[in-house]
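A look at the structure
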Amino acid sequence: GKGAFAGEPLYRGRWLGTYVGTLTTREETLARYSSTNILSASLRGDYLFRLDDILSIDAQNSTHFSRYFNHAEHGNLGVEVDAAQRRVDFYAA
């Protein structure tokens, strides 16, 4: 798969970047990734980052490198979500 890799050693807590994508509502996300939408159903929202119960950032069509950050539950990056600012920042863990 694709991924972003550090080209140098990183100290814990170093800011690495902000997740960049399209802000979407729950309804928009469901419409984009429904099983009836053939073009996107296979993607399963792989580039979604949930901000809160209503909003997500969708980096599916983003060209920013942050799209490839590992934001899995047990990933190797720290993450700070600021739903009020609609922002997600990643840090070296």
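Coordinates for the structure precede this section.
Residues numbered from 1 in each chain as written. Predicted model: local features only at pLDDT ≥ 70, side-chain atom pairs only at ≥ 80, totals over all residues. Heavy atoms only, no water.

Focus: the layout of surface pockets
- Its volume calculated, the second largest pocket comes out at about 170 Å³.
- In terms of lining, the second largest pocket is formed by Arg 26, Thr 29, Leu 30, Tyr 33, Leu 48, Arg 50, Asp 52, Asp 53, Ile 54, Leu 55 and Ser 56.
- By residue number, the principal contributor to the lining of the second largest pocket is helix 1 (residues 26-32), which donates three residues.
- For the lining of the second largest pocket, a count of residues per class yields five nonpolar, two polar and four charged. (1 Å grid on protein atoms, 1.4 Å probe; cavity = no way out; pocket = protein on both sides within 12 Å on 5 of 7 lines; lining within 4 Å. Points joined across faces, edges and corners; volume = space filled by probe spheres on them. Helix = DSSP H or I, 4+ residues; strand = E, 2+ residues; numbered from the N terminus. Nonpolar A, V, L, I, M, F, W, Y, C, P; charged D, E, K, R; others polar.)

Section: the sheet that holds strand 4 (residues 55-58)
- Taken together, the three strands give an open sheet; going across it, the order is 2-4-3, and neighbouring strands pair in antiparallel fashion. The open sheet has two edge strands, strand 2 (22-25) and strand 3 (48-50), and neither has a second partner. Adjacent strand axes in the sheet meet at a mean angle of 30 degrees when their direction is disregarded.
- In this structure, strand 2 lies alongside strand 4, joined through four bridges in antiparallel fashion. Each bridged residue has a counterpart across the sheet, and for Leu 23 the counterpart in strand 4 is Ile 57. (Pairing = 2+ DSSP bridges. Axes fitted to C-alpha atoms, helices over the stretch in contact; angles between N-to-C directions.)

Notes on the sheet that holds strand 1 (residues 15-18)
- Across the sheet, which stays open at both edges, the three strands sit in the order 1-6-5 with antiparallel pairing between neighbours. Edge positions in the open sheet fall to strand 1 and strand 5 (77-82), since each of these has one partner strand only. Across the sheet, the mean angle from the axis of one strand to that of its neighbour is 25 degrees, orientation sign disregarded.
- Where strand 1 lies against strand 6 (residues 87-92), three bridges are found, and the strand directions are antiparallel. Its bridge partner lying in strand 6, Thr 18 is registered against Asp 89.

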